[in-house]
Amino acid sequence: MNIDWAALASVFGVSLVVTVALVGLFTLGITGMARQTSTAQGGGGANGLVRTGAYACFGLCAAAVAYGIYLIVA
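What counts and how
- Residues numbered from 1 in each chain as written.
- Predicted model: local features only at pLDDT ≥ 70, side-chain atom pairs only at ≥ 80, totals over all residues.
- Heavy atoms only, no water.
- Helix = DSSP H or I, 4+ residues; strand = E, 2+ residues; numbered from the N terminus.
- Buried < 20%, exposed > 50% of the residue type's maximum accessible area, 1.4 Å probe, protein only.
- Areas by Shrake-Rupley, 256 points an atom, 1.4 Å probe, with all protein chains shown as cover.
- Patch = residues over 30% accessible without salt bridge, like charges linked within 9 Å, V, L, I, M, F, W, Y side chains within 5 Å.
- Salt bridge = Lys/Arg side-chain N within 4 Å of Asp/Glu carboxyl O.
- Disulfide = S-S within 2.5 Å.

**Comments concerning the overall build of the protein chain**
On a plain count of helices and strands, the protein chain comes out with two helices and zero strands. Here the protein chain holds 74 residues, and the buried ones make up 9% of them. Of the accessible surface of the protein chain, which amounts to about 5,700 Å², a share of 74% is contributed by carbon and sulfur atoms.

So, in structure tokens, the structure goes:
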């Protein structure tokens, strides 16, 4: 049995970076939605921009998950 350790380390590194990026992106979306809710009572003008950014973060997360499923299935 011969293990290609360089390829294994490469897969591990890419998986780690993508996982951290995806969790960070989702966290930004949650933070944006929480900030949008708390500023809704104050009537801030950037409320729509924060909501749009949060939805963009969630959309990118959904796209990354869909791409992962596509890679597994295809």
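That shown, we press on.
**Focus: the environment of Asn 47**
Secondary-structure assignment places Asn 47 in helix α2 (residues 47–73). Through-space distance from the C-alpha of Asn 47 to that of Gly 32 is 9.5 Å; in sequence the pair is 15 residues apart.

**Description of a nonpolar patch on the surface**
Together, Met 1, Ile 3, Trp 5 and Leu 8 line one region of the surface with nonpolar side chains, adding up to about 550 Å² of accessible area. Residue Leu 8 is classed as partly exposed on the basis of its relative accessible area of 44%.

**Looking at the state of the cysteines**
In this structure the tally under the stated criterion is zero disulfides. Cys 61 supplies the cysteine sulfur nearest to Cys 57, a cysteine that is in no disulfide, at a spacing of 6.9 Å. The exposure class assigned to Cys 57 is buried, which follows from its relative accessible area of 13%.

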